[in-house]
Each structure stands twice: as C-alpha cells, then as structure tokens.
Amino acid sequence: MRPGVWQKLDVASRCMTPVALTLALVIVNAVPLKIPGLTPVLPVLALIGVFHWALYRPELLPPVTVFLIGIVQDTLAGTPLGVYALVFLAVYGGVVMQQRFFLGKSFTVVWIGFLIVAALASALTWILVAVLHGALINPKPVSFQFIMTVGVYPAVAWILMRWQNAIVPAED
Amino acid sequence: MAVNEGKPGGARVLQSSKGVALRFAYVFLIVGAVGLMMLGKIDHILVERYRTVVTDALAPVMDVLSRPAASIANLIERGQALIDLRAENDRLRMERDRLLQWQTLAFELEARNRTLTDLLRFVPDPEARFVAARVVADTGGAFAHALLVNAGERDGVAKGQAVMAGDGLVGRIVGVGGRSARVMLITDLNSRIPVVVSDGRIRSILAGENSDRLRLLHLVPGAAVAVGDRVVTSGHGGAFPPDLPVGRVTQIKDGIITVKPFLDRERIEAVRIIDYGLKGILADVDAKAVQQ
C-alpha cells in the first residue's frame, strides 16, 4: 500500500525534530537560571545535540542545519559570529567519520567518546575566541564549562535517545 | 534514499553519490564559518546589526521562557529567606540603626551642599532618565559576558547607555533592537571603563577578564591604592556618568590590582538603563561609520 499524503507529512515532520530539538537546546541554554556560580560555567547543550544526531542519525541533521544552529548559538552567546558554527561543524564531521567505531558500543564508551570530542571542541573554541579577540582568555571557566557539558551529557543524551526511539521514524 | 549496504547511516550517506554533494556542502560551510569570522573582524558594525535583528526576533521567546525560571528562583530564595528570618531580622535592625546615623549626616551634608552650590552658582549635572527592563537571557558560558533585556529603541534605549542594577554598574548597552537590547557586562573581556579609585580620585581603566574579577589598568606609578578602596565611574570619555559605584579593590599582588564588582550576575533580574543625555564614545564611532 502506498503511503497517503498525511502519512508522508507525518513522517516528514517527525524527521525535522532532531533539528528543532538541537535548536531548542541552544535557546534553553540562554534562559537566565539565577543559580549562583552556574552562569559562567553553563554547559554547551547544543554540543550534545550535535554529537548525538551526528552519531545516530546524521541524515536528519544535515551540515547546513548544523551551521545555522552554530550561528544562532553565536548570536545568543555573544561569541564572534562563526565560532560555534565552525566548532559544531568540526564536531559533526569528526563524529560522522568515527561513526562506525561508536555504533553498537556501550553507553560508557560513547560517553568517553563525547568527553574527547567536547575537550577538542572546548580547546578549538578557546583558540578561536582568543585569536579573534587578540587576547588570552582565562582557561579556568572554559575548563569548568567543559566538565559541566560532559557531566550533563547522560541526562540530555537519555532524553534524546528516548525521543529518537519514540518519535523519529526508524531508518528504512 | 541511498542504497543500504549494511553500513551505518553516516558512512552510507557519505559514500553514496549524494554523499559527494554533502561533503562538498560540508567543506563549503566550514569555509563559510571562517569567512563569517573574518567578516566580523572587518565589518564589526554589520555583524552587530545582524546580531541585533536576530536577538530582537528571539526576545519574546526568551521573555516567556525566562518567567518560569525566575519564578522558581524566587521560590527558592523565599524558602531560604524563611529559614533565616530571625537572623536576618536582627541584622536588618542593626543595619537600620547604623543607616539612621548616616541619614542624619546625609541631611546635614545635603543642606550644606545646597547653600554652597547656591553660593558658587554651580552648574548641576543634567537630570537622568531611567528605563527599567527585565533580563530575559543570560547566555552564560566562558567566552562572553552579556545579557539580553526586554527594552529597546521604542523605550528610548540607545547604544552606549550605562546599565545599573541595585548594587552597582552592570555594564553598557552594545546593541539595540526594537524591543530588546544587548548589555555587555563590565566583566566581559572587551569591557574597558574609565574609573576613579578611592578618596584620592586616582584615575584608571577597569578591564573585564571574562571572570568574576576585574583588573585596574594604566594606573599612575606609585598611586596609593589600598585593599578595600571603592571604585566608581569617572565620567571621562563621556561614555558613563560619573560616580556610579562599580566595585571594591580586593587584592594587590605583583602590581596587579584586582577589583570585585558589586554586580552579582546570577541575581540580576531587572536592570535600570540610565540616559544622561551623554553622547558617549560608542555613539560617535557609529555616527562616523554611517557617514562614511
């Protein structure tokens, strides 16, 4: 039986949720939480989104959307325009290339993989911002931010995984 | 869809004919991102204008999202307040007694000031106008210290204006949209504020470092600065009105003078944007750029 128009629309809209979710992570990141000490070391949530979808369903998060998500992150976070766009693209490319290594591995291995990716991403962001501002940036908040991002990974990844299993159509 | 050869999704996508286009797009986007960074260095104003447009569009969304977050924070704070109500009460009683003494002094000084001002025909500073705004976004992160507030051009906010919270100077307006404005905090790496230190009225520049501490730069050699000295804006350069409280000197070590700002980033819910009718350095730079 051929799928009807509504069914196609349904599948198409579900396929768009990875992009929407990652974008939502960027926006949630900017909500003022007013928890003392947390703001300067707030995790980069979108990094988790990009990592997750690049690993499991890269075809649903094409490079151009990764680029746009990075631009929105730059715009809101106040980093020089293009920095997070480049960092997210680098993470995306790196993960897609290493995808075969990760698939089928236990959660701990994936988490360690994310730790390495996040460390490289933090270092890259740090270098780019330092070069563009022409000044050394205090590495302490940057490293705390990295630790926070790795720390919240299991929680965010769990939500994304549940979402992927329940909402996103399976690969054909 | 690409032919499934039993390979995982990404590798399959990258190895199909569609993958060549994708790989091309990927490289193209990387170059695009680098290009944007260059553009930001070359045409700063254009990029800032774009940033303003996007943040302005996102401001209503951020406004809605920030409300529940603020409510939860309030609830926690109220709970904590309830716990140490008695101690707080004692503290406030003592503080009130102390402040009453200051009040008497202030009344005396005000009266004397008025007579002396009349005697000298002193020209007073222009009246300030305030705009109150709510903080709708604090993107946090280690790379930039900025806030988004829900007042913009239509409320009379303009680039370069000083932003205050209850405790002291917060920063200045660096971008204005129709209904939102971006505030660069004094702790941001790019923030430089002309200040004076202590009773000696020593001029200096206060620089942000992307941390919760600030640094005094370009001090006169041998200037008598001590730990505990108050730092206030100097009004030089016409960017800020004079005598806004900024912070206090907390450490002097190896010639590096560290200042702890009065501002408490996490607790800022609302800010006052001050319009003294000053044109400011920023406004002038912009005007020149427009003329060119």
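See the structure above.
This section reports on the structure supplied with the text.

The rules behind these values
- Positions within a chain are numbered from 1, following the residues in the order the chain's sequence is written.
- Each chain takes a letter, starting from A, and each ligand takes a number, starting from 1, following the order in which they are written.
- Only residues with pLDDT of at least 70 get local features here, since the model is predicted, and only at 80 or more are side-chain atom pairs given and counted; chain-wide, interface and lining totals rely on the full set of residues.
- What counts as a helix is a DSSP run of H or I of at least four residues, what counts as a strand is a run of E of at least two, and both are numbered from the N terminus.
- Put simply, the radius of gyration uses C-alpha atoms, and a globule should come to 2.2 Å times the residue count raised to 0.38.
- Whether two residues are in contact is decided by their C-beta atoms, placed from the backbone, lying within 7 Å.
- Two strands make a pair as long as DSSP finds a minimum of two bridges between them.
- What counts as an axis is a line fitted to C-alpha atoms, over the stretch in contact for a helix, and the angles between N-to-C directions run from 0 to 180 degrees.
- Expected span of a helix: the number of residues minus one, times 1.5 Å.
- The exposure label follows from counting other C-beta atoms within 10 Å of a residue's C-beta, where the C-beta atoms are placed from the backbone and the thresholds are 20 or more for buried and 12 or fewer for exposed, leaving partly exposed in between.
- Just so you know how the angles are binned, under 35 degrees is roughly parallel, over 145 roughly antiparallel, 65 to 115 roughly perpendicular, and the rest oblique.
- Note on convention: the crossing is left-handed when the near helix lies turned anticlockwise from the far helix by less than a right angle, right-handed when the turn is clockwise.
- For this scheme, ten residues count as nonpolar: Ala, Val, Leu, Ile, Met, Phe, Trp, Tyr, Cys and Pro. Four count as charged, namely Asp, Glu, Lys and Arg, and the remainder, Gly too, count as polar.
- Bend angle per residue: angle between axes fitted to the 7 residues ending at that residue and the 7 residues starting there.

Let's talk about the overall build of chain A
Link 1 in the chain: Looking only at helices and strands, chain A features eight helices and zero strands.
Link 2 in the chain: Tracing chain A from N to C terminus, the helices and strands come up as α-α-α-α-α-α-α-α.
Link 3 in the chain: Here the C-alpha atoms of chain A give a radius of gyration of 17 Å, agreeing with the 16 Å that 2.2 N^0.38 yields for 172 residues.
Link 4 in the chain: In terms of overall dimensions, chain A has C-alpha extents of about 65 × 30 × 30 Å along its principal axes.
Link 5 in the chain: In chain A, once contacts between residues fewer than 6 apart in sequence are set aside, the share between residues at least 24 apart is 71%.

What about the sheet that holds strand β2 (residues 146-149) of chain B?
Residue and element names in this part refer to chain B.
Link 1 in the chain: Read around the barrel, six strands follow the order β1-β2-β5-β4-β3-β12 and close on themselves; strand pairing throughout is antiparallel. Across the sheet, the mean angle separating the axes of adjacent strands is 45 degrees when strand polarity is ignored.
Link 2 in the chain: Here strand β1 (residues 129-138) pairs with β2 via three bridges, running antiparallel. Across the sheet, the residue bridging to Ala137 is Leu148, located in β2.
Link 3 in the chain: Against the sheet, helix α3 (residues 44-83) touches β1, β2, β4 (169-176) and β5 (181-185), its axis set at about 80 degrees to β1.

Some points on helix α4 (residues 85-120) of chain B
Residue and element names in this part refer to chain B.
Link 1 in the chain: Along its 36 residues, α4 runs 49 Å from first to last C-alpha, staying within 8% of the 52 Å computed at 1.5 Å per residue.
Link 2 in the chain: With zero of its 36 residues buried, α4 lies for the most part at the surface.
Link 3 in the chain: Backbone geometry just downstream of α4 places Arg121 in the positive-phi region, at approximately 55 degrees.

Concerning unusual backbone geometry
The bulk of non-glycine residues show a negative phi, and the bulk of peptide bonds are trans.
Residues and elements named next belong to chain B.
Link 1 in the chain: The phi torsion at His218 lies on the positive side, around 55 degrees, for a residue other than glycine.
Link 2 in the chain: On the secondary structure map, His218 appears in the loop between β8 (214-217) and β9 (230-233).
Link 3 in the chain: Given 10 C-beta atoms within a 10 Å radius, His218 is considered exposed.
Link 4 in the chain: Unusually for a residue other than glycine, Asp243 sits at a positive phi of about 70 degrees.
Link 5 in the chain: On the secondary structure map, Asp243 appears in the loop between β9 and β10 (245-253).
Link 6 in the chain: The exposure class assigned to Asp243 is exposed, which follows from the 12 C-beta atoms found within 10 Å.

So, the sheet that holds strand β6 (residues 192-197) of chain B
Residue and element names in this part refer to chain B.
Link 1 in the chain: Taken in spatial order, the six strands of this closed barrel run β6-β7-β8-β11-β10-β9, and their pairing is antiparallel. In this sheet, neighbouring strand axes are inclined to one another by 45 degrees on average, regardless of whether the strands run parallel or antiparallel.
Link 2 in the chain: Across two bridges, β8 lies against strand β11 (residues 256-261) in antiparallel orientation. In the sheet register, Leu214 faces β11, and the bridge partner there is Val259.

Remarks on the packing of helix α2 (residues 17-29) of chain A against helix α3 (residues 45-56) of chain A
Residues and elements named next belong to chain A.
Link 1 in the chain: The geometry of α2 relative to α3 is characterised by a closest axis approach of 7 Å and an angle of 165 degrees between their N-to-C directions. In this view, α2 runs roughly antiparallel relative to α3, as classed from their interaxial angle. Handedness of the α2/α3 crossing: right-handed. Along the contact surface, α2 presents Pro18, Leu21, Thr22, Leu25, Val26, Val28 and Asn29, while α3 presents Leu45, Ala46, Gly49, Val50 and Trp53.
Link 2 in the chain: For the contact of α2 with α3, the per-class residue count stands at nine nonpolar, three polar and no charged.

Quick word on the interface of chain A and chain B
Link 1 in the chain: Listed as interface residues are 50 residues of chain A and, on the opposing side, 49 residues of chain B.
Link 2 in the chain: Mapped by element, the contributors of at least two residues to the side of chain A that touches chain B are α2, α4 (63-77), α5 (83-97), α6 (99-102), α7 (107-133) and α8 (139-166) of chain A.
Link 3 in the chain: Considered class by class, the residues forming the side of chain A that touches chain B number 32 nonpolar, 12 polar and six charged.

Things to note about α8(A)
Because an α-helix packs 3.6 residues into every turn, residues spaced three or four apart end up facing the same way.
Residue and element names in this part refer to chain A.
Link 1 in the chain: Taking 1.5 Å as the rise per residue, α8 with 28 residues should run 40 Å; its terminal C-alpha atoms sit 40 Å apart, in good agreement.
Link 2 in the chain: Along its length, α8 reaches its greatest deviation from straightness, about 45 degrees, at Tyr153, and the proline Pro154 lies no more than four positions downstream.
Link 3 in the chain: When α8 is considered as a whole, its buried residues turn out to be Pro141, Val142, Gln145, Phe146, Thr149, Val150, Tyr153, Val156, Ala157 and Leu160.
Link 4 in the chain: Where α8 is buried, its residues contact α2, α3 and α7.

Some details on the pairing of β8(B)
Every regular strand shows the same layout, with side chains that alternate between the two sheet faces.
Residues and elements named next belong to chain B.
Link 1 in the chain: Residues Leu214 and Leu216 line the buried face of β8, whereas the alternating positions Arg215 and Leu217 sit on a face that is not buried.
Link 2 in the chain: Two elements, strand β7 (residues 202-208) and β8, share four bridges in a ladder whose sense is antiparallel. Paired with Ile205 across the two strands is Leu217, which belongs to β8.

Concerning the pairing of β11(B)
All names here are of chain B.
Link 1 in the chain: Alternating residues of β11 divide into Ile257, Val259 and Pro261, all buried, and Ile256, Thr258 and Lys260, none buried.
Link 2 in the chain: Bridge count for β10 against β11 is six bridges, and the pairing is antiparallel. Looking across to β11, one finds that Arg248 is bridged to Lys260.
Link 3 in the chain: Between the antiparallel neighbours β10 and β11 lie two residues, among them Asp254 with a positive phi of about 50 degrees.

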